[in-house]
Each structure stands twice: as C-alpha cells, then as structure tokens.
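One letter stands for each residue in the lines below.
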Amino acid sequence: MAAMNDASRPPRLFIPGPVEVEEDVLQAMAGPMIGHRAPEIGELIGAIRPMAEKLLRTSRPVYLMTNSATGAMETAAINCIRRKVLSCVNGAFSKRFAEICENHGYEVTRLEAEWGKPILPGMIKEKLDEGGYDAVTVVHNETSTGVMSPLAEIACTVAGYDDIVLLVDAVTSAAAVPIETEKLGIDALVTGSQKALALPPGLALCTVSERAMERAKEKQLRGEYFDLLKIHKSWEKDQTPTTPAVPQFRALRKRLEKIHADEDAWYADIAAKCAMTREWAKDRFGLFPDEEYASVSLTCVENTRGTSIADLNSYLREHGFMLSNGYKDLKEKTFRIGHMGANTMEHHEQLLGLIDAYLER
Ligand SMILES: *Cc1c(COP(=O)(O)O)cnc(C)c1O
C-alpha cells in the first residue's frame, strides 16, 4: 500500500499525546516576541482568560502555566493539601499523582483499583468514612488504560464530607468532554496543552476553588515556581510570575476561539472518532476497559489476537502513522489509539484500514 502521508513529515500521531495540531494553530504561534511585562502580554492573556473559564465551566481564575501538566498536578498538591490525602490509583498517571503527594511529605493512602477499572464513588466513600482525610486526588481519564471514571458521581460523594478538597487531573478529559468544574465543586482541576486541547506541549492550565486558595494561604512554604499566591497575584495583572511560553499562549488563544466558535461540534467530533474506532476495536479485537467506562479521548484495545504491536507499529510507520503500545505492564497486551487532536474521521479510517491490511497479511 502506498504511503498515505507526506513522507517529508514525521508519522501522523495517533498516540494519546502529544497530538496532531492544525496548520492554522501552528501558524498562530509565529510572530514577533513580546515583552512579558509589556501591554501586549496583557492583551494576549486578557483574551484567553474568559475563553479558558468558559471551557472549564468556571467563574474562577484559570491560571496559565509554562510547564507540562505534571507541574500543574504538583501545584495542586503543594498548595491545596493539609496533611492526609486519599489518592485514587487505577493507572500510571494516578500513580504519579500519589507519588507527587508522597514526595511532598503528605500522609498518603492509596485507594487502588485494578488497571483497566474505574474509580467508583462507593470505593471513595468507604475510605473517607474512616476519617482524617482533607484531600482526594483522582485522574478523570486514565490515559494508560483508556478508562474514564465517573467524575460527577465522585465529586458528589466527596462533597458529602466536610472540608475535603477534590483535586482532579483532567489532562485527557478537559476539552474532550465538557466538565462542570464549578457546579461539581471541584477544588483543583488541571490539564495540559498537548492532549485534548490539541496544542503543542509546554503549557498547563489550572483552576482552583476559593477554599483551595484559602488552603494555599495557610501554608508556610509553597516553593517558588508553583506558588498559587504568586501565580494569582500575576493573574490579577494579566501576567505570569515568570516568562511565559508566548507561542504556546498564542496557540491557546487560537484554539479557544476555534472551540467556542462551535463547542458542540468540537465535542461531537472527538466522540464520533471514538465511536467509530471503538466499534472497529470490538469487531477485530476487544476493548480493554468495560465499555461503560471506556474513554472518549482514546481507545485502549485488548490485543486478543496476540498480534505483535511493535511490528504493527513498524508497519504503520512505513505508511506514515503511529499509535501507542500498551503502557508498561500492558505492553503488547493492549494498544492505544488516541482521538485527541487534529486527526479527522478520514485519518482514522486510513489508520484502521492500514491495521486491517496488516492483519490480513
Ligand atoms: C499526559 C498526562 C499527564 C502528564 O502530562 P505531562 O504534560 O507529560 O506532564 C498527566 N495525567 C494524564 C492523565 C496524562 O495523560
């Protein structure tokens, strides 16, 4: 089969981040540099602010951070936890959230679910009933397993306890599905640029509730780079504490303009790409997660045919495509096809057609 892609470009990314970015968004990054204390930065951040709040469905500030999403997870952990945290772990990124909390010296209880299974509200309730917790961490969409946990139900459960903050990693769910951050009472929600936001890497977004901000004020030490009080003080001036990644900010402005031009269409597009891939996966292989909790942003396929995923990916690469093998222990047992980013339905059809051709060889 002839290469379907321009050979001069790297393989088309079907990995669950970083993702493909449209040409007009990439073009929006180019331009003369601006001073980070000049009026131009204020115009840029000022334009992004309301659009970012609208995206994350909150009236609270959305902070723009020049770091990858892990930095925003660390920000939530540093500023918003007092002493004892329940860390829900059902995959690699939720494990990272627990480790971040451990690295900052908190008393961490891991609530473990098998990889491929969701975190369910009942499990959280059982732990919180033991008492003593002041925070819960959860990953909405586990990118390592393709599982989306029921965030609204989880938030509702945590809200039933007095003074327990809910810290949510929404890195592969924010901008893939609408999230009612404020209505759900989420205390910290973080995401990164190179996943469902379909931007180049290097930027993270973080929003925190008023009571989470009060927690930050109680702290003796908040470090330097991830100090929410400093970040907020700069935000009030439409600035950032340190030099921001201006090109990424420009891309974000363009992205948010595009999403808000037709938000329904944006969410419908990723859902349609996911639905088609999921049907294909069920027909040819199987889904790794229970379908009820299967992610919208990526499809984690159970490798029921024992196909060599490494060889499949080499074959795809020859044709200008790339998907993800399973994560760590799930390598060769599963593989992952991302639906985030600029790949169209047609690109998805091409990819699935190539996998079919490989299977028929
Ligand atoms: C990618 C990812 C992260 C980490 O993002 P970085 O930008 O690499 O720091 C965290 N959580 C989830 C769910 C992710 O998919």
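Position labels on residues start from 1 in each chain and follow its written sequence. Per-residue local features of the predicted model are confined to residues with pLDDT of at least 70, and side-chain atom pairs are confined, for both listing and counting, to 80 or more; whole-chain, interface and lining totals are unaffected and use all residues. With hydrogens and water stripped out, all remaining heavy atoms of the structure feed into the side-chain values.

1. Points about the pairing of strand β5 (residues 135–139)
Type-normalised accessible area, obtained with a 1.4 Å probe on protein chains alone, sets the label of each residue: buried when under 20%, exposed when over 50%, and partly exposed for intermediate values. A run of DSSP states H or I qualifies as a helix once it reaches four residues; a run of E qualifies as a strand once it reaches two. Both are numbered from the N-terminal end. For β5, the tally of buried residues reaches five of five residues, placing the bulk of the element in the interior. What you see with β5 is no split at all: Ala135, Thr137 and Val139 on one side and Val136 and Val138 on the other are buried throughout. Each pair of strands is called paired provided DSSP finds at least two bridges between the two strands. Bridging between strand β3 (residues 84–89) and β5 involves three bridges; their strand directions are parallel. Residue Ser87 lies in a different strand from β5, and its bridge partner there is Thr137.

2. Considering the packing of helix α7 (residues 210–218) against helix α8 (residues 228–235)
To obtain each axis, a line is fitted to C-alpha atoms, and for helices this fit is confined to the stretch in contact; angles are then taken between N-to-C directions over 0 to 180 degrees. At a minimum axis distance of 9 Å, the contact between α7 and α8 shows a crossing angle of 120 degrees. Taken together, the axes of α7 and α8 lie oblique to each other. For the pair α7 and α8, contact is made by Met213, Ala216 and Lys217 and by Leu228, Leu229 and His232, respectively. Small angles under 35 degrees read as roughly parallel and large ones over 145 as roughly antiparallel, with 65 to 115 read as roughly perpendicular and the rest as oblique. The contact definition used throughout considers only heavy atoms, calling two residues in contact when any of these lie within 4.5 Å.

3. Quick notes on the sheet that holds strand β2 (residues 62–65)
Overall, mixed pairing links the seven strands, which are arranged β2-β10-β9-β8-β5-β3-β4 in an open sheet. Of all the strands in the sheet, just β2 and β4 (107–112) have a single pairing partner and so form its edges. Taking the axes of each pair of neighbouring strands and ignoring which way they run, one obtains an average angle of 20 degrees across the sheet. Across the face of the sheet, helix α5 (residues 121–128) comes into contact with β3, β4 and β5 while running at roughly 145 degrees to β4.

4. Topic: the site of the ligand
Think of it this way: one heavy atom of a residue within 4 Å of a molecule or strand is enough to make that residue near it. Every one of the 14 residues lining the ligand counts as a neighbour, but Ser68, Thr70, Thr143, Asp169 and Lys195 are closest to it. Under this definition, polar contacts are N or O atom pairs within 3.5 Å; protein pairs additionally need one hydrogen-donor-capable and one acceptor-capable atom, and for neighbouring residues in sequence, both atoms have to be side-chain atoms. With respect to the ligand, the backbone of Ala69 contributes an N or O atom lying 3.0 Å from an oxygen atom. Thr70 places a polar side-chain atom, nitrogen or oxygen, 2.5 Å from an oxygen atom of the ligand. If you list the elements that add at least two residues to the shell around the ligand, you get α3 (69–80) and α4 (92–103). Ranked by the residues each element gives to the shell around the ligand, the list is headed by α3, at three residues.

5. A word on the packing of aromatic side chains
Pairing of aromatic rings covers Phe, Tyr and Trp, the last through its six-membered ring, and needs centres within 6.5 Å; plane angles under 30 degrees mean stacked, over 60 mean edge-to-face, and all others mean tilted. Summed over the entire model, instances satisfying the criterion amount to seven aromatic pairs. Where Tyr225 meets Phe226, the ring centres are 5.3 Å apart and the plane angle is 75 degrees; that geometry is what we call edge-to-face. Assessed through its relative accessible area of 37%, Tyr225 is described here as partly exposed. We classify Phe226 as buried; its relative accessible area is 15%. When the ring of Trp280 is compared with that of Phe285, the centres are 5.9 Å apart and the planes differ by 50 degrees; the resulting orientation is tilted. On the basis of relative accessibility, which here comes to 7%, the residue Trp280 falls in the buried class. The buried category is assigned to Phe285, whose relative accessible area is 8%.

6. Observations concerning the nonpolar core
Definition of nonpolar core: a set of buried residues of the types Ala, Val, Leu, Ile, Met, Phe, Trp, Tyr and Cys, connected through side-chain atoms within 4.5 Å. Ile124, Leu128, Leu166 and Leu252 are the most contacted members of the largest nonpolar core, which has 59 residues in total. The element that contributes the greatest number of residues to this core is helix α2 (residues 39–55), accounting for seven residues. Each domain's limits were defined by an automated method or a database of domain assignments. Each of domain 1 (12–21 + 262–360) and domain 2 (23–260) gives at least three residues to this core. Among residues more than four places away in sequence, those in contact with Leu252 are Ile48, Leu64, Leu197, Leu199, Leu203 and Leu205. Residues Ala98, Ile100, Ala188 and Val208 belong to the second largest nonpolar core, which totals 32 residues.

7. Looking at the packing of α2 against helix α9 (residues 246–261)
Here α2 crosses α9 at 40 degrees, and the two axes come no closer than 9 Å. Comparing their axes, α9 and α2 come out oblique. For the pair α2 and α9, the crossing hand works out as left-handed. Across from Ile41, Leu44, Ile45, Ala47, Ile48, Met51, Ala52, Lys54 and Leu55 in α2, the residues of α9 making contact are Val246, Phe249, Arg250, Leu252, Arg253, Leu256, Glu257, Ile259 and His260. Of the residues belonging to the contact of α2 with α9, the class tally is 13 nonpolar, one polar and four charged. Rotating anticlockwise by less than a right angle from the far helix to the near helix defines a left-handed crossing, while the corresponding clockwise rotation defines a right-handed one. Residues are sorted three ways: Asp, Glu, Lys and Arg are charged, Ala, Val, Leu, Ile, Met, Phe, Trp, Tyr, Cys and Pro are nonpolar, and all the rest, Gly among them, are polar.

8. Some words on the domain arrangement of the protein chain
By the assigned domains, the protein chain splits into domain 1 (12–21 + 262–360) and domain 2 (23–260). A straight line from the C-alpha centre of domain 1 to that of domain 2 covers 26 Å. With 26 residues of domain 1 at the interface, the matching set in domain 2 holds 36 residues. When two parts are brought into contact, each loses some accessible area as probed by a 1.4 Å sphere; the total of that loss over both is the buried area. A combined buried area of about 2,500 Å² lies between domain 1 and domain 2, and 62% of that area is made up of carbon and sulfur atoms. The largest per-residue losses of area from domain 1 upon contact with domain 2 belong to Val21, Trp266 and Tyr293, which jointly make up 28% of the total buried on that side. In what follows, salt bridge is the name for a side-chain nitrogen of Lys or Arg lying within 4 Å of a carboxyl oxygen of Asp or Glu. The interface formed by domain 1 and domain 2 holds two salt bridges in total. For Lys117, the salt bridge goes to Asp290, with nearest N and O atoms at 4.0 Å. Inspection of the region where domain 1 meets domain 2 yields 11 residue pairs in polar contact (both at pLDDT 80 or more). Secondary structure elements with two or more residues in the side of domain 1 that touches domain 2: α10 (263–284) and β12 (298–302). Ranked by residue count, the leading element in the side of domain 1 that touches domain 2 is α10, at four residues.

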